[in-house]
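Observations on chain architecture
Each chain, letter by letter, is given below.
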Amino acid sequence: MSSLRAGIAGIGFWANGLPGWNDAVAFARAGTLPENAPAKPSPLLLAPNERRRAPESVAVALEVALAACTASGRDPSTLPSVFASTHGDLAITDYVASTLASEPRALSPTRFHNSVHNAAAGYWTIGNGCTAPTTAISAYDASFAQGLLEALSLLASGHEAVLLAAFDASATGPLATVSPSQGLLGAALVLVAEPPSAATRLRVTPVAASAPAAAGALGRRFSDNAMRPMLPLFDALATGGDAALLHAGPGRALRVECAHG
Amino acid sequence: MTSAQARTMPPLSVGNYTATTALGAGRDAQLEALRARRSGLRANDMRSPGGHDLLETWIGRVEGVEAVALPATLADWDCRNNRLAWLALQQDGMMESIAALRDAHGAERVAIVVGTSTSSIGATEEAYARLQDGRFPADLQRPRIHTPHSLGAFVEAATGLRGPCITVATACSSSAKVFAQAARLIEAGLADAALVGGVDTLCGSVLYGFNALGLVSPRPCRPFDARRDGLSLGEAGGFAILERAAPGERGLQLRGYGESSDAHHMSAPHPEGLGAQLAMREALQRAGLEAGDIDYLNLHGTATPANDKVEALAVAALFPPSLHASSTKGWTGHTLGAAGIVESAFALLALEHGLLPGMLGSSEHDPGNGPQLRFDNAQREVAFAMNNSFGFGGNNCSLVFGRAA
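Residues numbered from 1 in each chain as written. Chains lettered and ligands numbered in written order. Predicted model: local features only at pLDDT ≥ 70, side-chain atom pairs only at ≥ 80, totals over all residues.

1. What about the overall build of chain A?
- The helix and strand tally for chain A stands at nine helices and eight strands.
- Reported as C-alpha extents along the three principal axes, the dimensions of chain A are approximately 55 × 40 × 35 Å.
- Counting only residues that meet the buried cut, chain A has 62% of its 261 residues in that class.
- When contacts within chain A are restricted to residue pairs at least 6 apart in sequence, those whose partners lie at least 24 apart make up 68%. (Helix = DSSP H or I, 4+ residues; strand = E, 2+ residues; numbered from the N terminus. Buried ≥ 20, exposed ≤ 12 C-beta atoms within 10 Å, placed from the backbone. Contact = placed C-beta atoms within 7 Å.)

2. Concerning the overall build of chain B
- Looking only at helices and strands, chain B features eleven helices and 16 strands.
- Based on the C-alpha atoms only, the size of chain B along its principal axes is roughly 60 × 50 × 40 Å.
- In chain B, which comprises 405 residues, the share counted as buried stands at 66%.
- Across chain B, the fraction of contacts at a sequence separation of at least 24, relative to all contacts at a separation of at least 6, is 80%.

3. Points about the sheet that holds strand 3 (residues 42-43) of chain B
Residues and elements named next belong to chain B.
- With respect to topology, three strands assemble into an open sheet ordered 3-4-8, the strand pairing being mixed. The open sheet is flanked by strand 3 and strand 8 (233-234), the only strands paired with a single partner.
- Relative to strand 4 (residues 58-60), strand 3 is paired through two bridges, and the arrangement is antiparallel. Paired with arginine 42 across the strands is isoleucine 59, a residue of strand 4. (Pairing = 2+ DSSP bridges.)

4. Examining the packing of helix 1 (residues 21-30) of chain A against helix 9 (residues 231-239) of chain A
Residues and elements named next belong to chain A.
- Where helix 1 meets helix 9, the axes come as close as 9 Å, and the angle between the chain directions of the two elements is 80 degrees. One finds that helix 1 runs roughly perpendicular with respect to helix 9. Facing helix 1, whose interface residues are Ala24, Val25, Ala28 and Arg29, helix 9 presents Phe234, Asp235, Ala238 and Thr239.
- Across the contact of helix 1 with helix 9, the residue classes tally to five nonpolar, one polar and two charged. (Axes fitted to C-alpha atoms, helices over the stretch in contact; angles between N-to-C directions. Parallel < 35°, antiparallel > 145°, perpendicular 65-115°, else oblique. Nonpolar A, V, L, I, M, F, W, Y, C, P; charged D, E, K, R; others polar.)

5. Some remarks on the pairing of strand 7 (residues 243-249) of chain A
- With five of seven residues buried, strand 7 of chain A lies mostly within the body of the structure.
- Where strand 7 of chain A folds back onto strand 8 (residues 252-259) of chain A in an antiparallel hairpin, the turn is made up of two residues, including glycine 251 of chain A, whose phi is positive at roughly 70 degrees.

6. Concerning the confidence of the model for chain B
- This prediction gives chain B a mean pLDDT of 96; 99% of its residues lie at or above 70.
- Here the predicted complex scores 0.98 on pTM and 0.98 on ipTM. (pLDDT = per-residue confidence, 0-100.)

7. Details of the interface of chain B and chain A
- On the side of chain A, 58 residues touch chain B, which itself brings 62 residues to the contact.
- The class makeup of the residues in the side of chain B that touches chain A is 27 nonpolar, 27 polar and eight charged.

8. Some words on unusual backbone geometry
All names here are of chain B.
- At arginine 37, a position not held by glycine, the phi torsion is positive, near 55 degrees.
- Inspection of the secondary structure assignment puts arginine 37 in the loop between helix 1 (27-36) and strand 3.
- Of note, leucine 336 is a non-glycine position whose phi angle comes to about 55 degrees, a positive value.
- Turning to its location among the elements, leucine 336 is positioned in the loop between helix 10 (329-332) and helix 11 (339-353).

9. Here we look at the packing of helix 4 (residues 90-102) of chain A against helix 4 (residues 121-129) of chain B
- Helix 4 of chain B packs onto helix 4 of chain A with a crossing angle of 55 degrees between their chain directions and a minimal axis gap of 8 Å. For the element pair helix 4 of chain A / helix 4 of chain B, the angle class is oblique. In this structure, helix 4 of chain A crosses over helix 4 of chain B, and the sense of that crossing is right-handed. On helix 4 of chain B, the residues touching Thr93, Ala97, Ser98, Leu100 and Ala101 of chain A of helix 4 of chain A are Ile121, Thr124, Glu125, Tyr128 and Ala129 of chain B.
- The residue inventory of the contact of helix 4 of chain A with helix 4 of chain B, partitioned by class, reads six nonpolar, three polar and one charged. (Left-handed = near helix turned anticlockwise from the far one by under 90°.)

10. Points about helix 4 of chain A
- If you check helix 4 of chain A, its first and last C-alpha atoms are 18 Å apart, about what 13 residues at 1.5 Å a residue would give, namely 18 Å.
- Helix 4 of chain A sits mainly inside the fold: ten of its 13 residues count as buried.
- Inspection of helix 4 of chain A places Leu90, Ile92, Thr93, Asp94, Tyr95, Val96, Ala97, Thr99, Leu100 and Ala101 of chain A among the buried residues, and these make up the whole buried set.
- Of the surrounding secondary structure, the elements contacted by the buried residues of helix 4 of chain A are helix 5 (109-114) of chain A together with helix 4 and helix 7 (204-212) of chain B. (Expected span 1.5 Å × (residues − 1).)

11. As for the nonpolar core
- Of all hydrophobic cores here, the largest spans 236 residues; its most connected members are Val64 of chain A together with Ala194 of chain B.
- Per-element tally for this core: the top contributor is helix 3 (residues 56-72) of chain A, with eleven residues.
- Among residues more than four places away in sequence, those in contact with alanine 194 of chain B are Val110, Ala111, Val113, Ala182, Leu185, Ile186 and Leu242 of chain B. (Core = buried A, V, L, I, M, F, W, Y, C linked by C-beta atoms within 7 Å.)

12. A closer look at helix 3 of chain A
- Compared with an ideal rise of 1.5 Å per residue, which puts 17 residues at 24 Å, helix 3 of chain A spans 24 Å between its outermost C-alpha atoms and is within 8% of the ideal.
- Taken across its 17 residues, helix 3 of chain A has 15 buried, putting it largely inside the fold.

13. Concerning the environment of tyrosine 296 of chain B
All names here are of chain B.
- Among the secondary structure elements, tyrosine 296 is positioned in strand 11 (residues 296-298).
- The class of tyrosine 296 is buried, set by 27 C-beta atoms lying within 10 Å.
- When the C-alpha positions of tyrosine 296 and serine 398 are compared, they lie 13 Å apart, and in sequence the two are 102 residues distant.
- Contacts of tyrosine 296, omitting those with residues within four sequence positions, involve His324, Ala347, Ala350, Leu356, Val382 and Ala385.

14. So, the environment of glycine 214 of chain B
- By secondary structure assignment, the location of glycine 214 of chain B is in the loop between helix 7 and strand 8.
- Put simply, glycine 214 of chain B and proline 10 of chain B are 204 residues apart on the chain and 42 Å apart in space, counted from C-alpha to C-alpha.

15. With respect to the pairing of strand 16 (residues 395-403) of chain B
Residues and elements named next belong to chain B.
- In terms of residue burial, strand 16 counts as a mostly covered element, since eight of its nine residues are buried.
- Where strand 15 (residues 384-391) lies against strand 16, eight bridges are found, and the strand directions are antiparallel. Within the sheet, the bridge partner assigned to asparagine 388 lies in strand 16 and is serine 398.
- Taken together, strand 15 and the strand that follows it, strand 16, pair antiparallel across an intervening segment of three residues, in which glycine 393 is found at a positive phi of about 80 degrees.

Structure, rendered in structure tokens:
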């Protein structure tokens, strides 16, 4: 099986208690937690009133996407983007399903258009004035790995840089028993086809293997969130690890080798 | 990369394709109804999940979905959306084509890329309407159907394909974008072939959601008609097989794709159709074609006042008057995440049979319509056909199909 390569130009991260990539690195290396971490992300991309109303899943996606772009020095309006989420916004699904059961004609139009899986992708392109392509995908517990393949494919098709953002939020109501997910977790990468020499380089190879559960510091801390299968990569990036195995589907994985610049 | 830099793509062969809609199951049913100008729309008979409400509107409901029985080995996937997926997979020899593809390339080298907007959320709605002590009823305690990837994972289980497997959910552009993503996976060497498709079923979320947005018509939709007042919702499923084109082959091909974002509004299109134009221009560039080369364009044409106005502007800005452009939503309703695959199938039928559908239910041209927008069917040779699909969030995709030279 052939491998695909990319460089990392920027990383974004947000999770409860670790509101940035530097915080995640410090935690993964030394177990330290920042003081006074905000309870939820406050993405600057949205106007203040939208920031308050935005679904949690959209807020965390925009927060990490913008952080990754800022770290990369890239203009977000120029980047094609891939938004990966296992379940989308579970709290909105809970609202929609319970409203339909009781009073269907009372369904909120805003919450309906926020219920689409590409809500974060839509707000991202609108907020940045970005006319580049964007997509929103799910592959259940393989969502991050499949999103990574789409991002790498975009590079292979001629794009010079691409944004990949992955996130999941908390389940609420009866849905929480079938689609459990707790807390807010998001991470983003700006991937480039021709990285500068100082950049971390990835080599990604699909393999027939079962990826073990995330066992690093980040993987253990956020093991209740549905996007946990991405954490082996972020633990490796935070600690200078040289490889991670990502769940990519039943009996399949992506071997990601990291060469740190 | 801006659209000005899109490079031409190597053509991909469309090995087989199928669609199941309110017009019936399989390609022949689509072709016959398009020819006969017979609509699949009916007065809404799909009640709210709790059963106590019925919207006054028209829907494109697929006959017989309730009677579909999944094989026992797939029973855990049972729900309306996966039944429709199964029904669509049984048409036009698609399962046999998939088996042949598996034998030719190996299951690991064939990707599954499928699109949907709401996947099997209808099952989640049903669970909430039948909660027992605040919990899902026992028969619906099946986590894999209450999540967007229900569709992709079901198709994976149903076909035995083992390559990359992904569900694209960008609202109403979903199953057009699957062609673009599959083309990239093949170009990147991650697969040698792909099963692409899309399935969406009528459910409370879409009926009451679009109703809440004021976008649903109380009567059959009238695309590009001056009196249009909203959409008719529908459901559908369809699939196609994409492979690298072999030298000297004959047959249908994917020649280009274009994707863009409006960067304007979550549920309203850009007023000048900027994103639509970008997507169409990029698809033409990838195909190495000029706008004048396209013979038939299947429009998104939802029959909402805003969509059709903007799409008419975009078409007029790009295409010569000789183009035959139409929306087929008067036949099928707006099948949302399945619209991309259904209307790609209609574009492929136009290439194969020279049938250029007009529009159904529309009789009074909007003053904004250019000469490209046709209400009547036409019959003539088609060399290249294009399909537009646009979704919430300003998510646009255009595809170009042709025949091997």
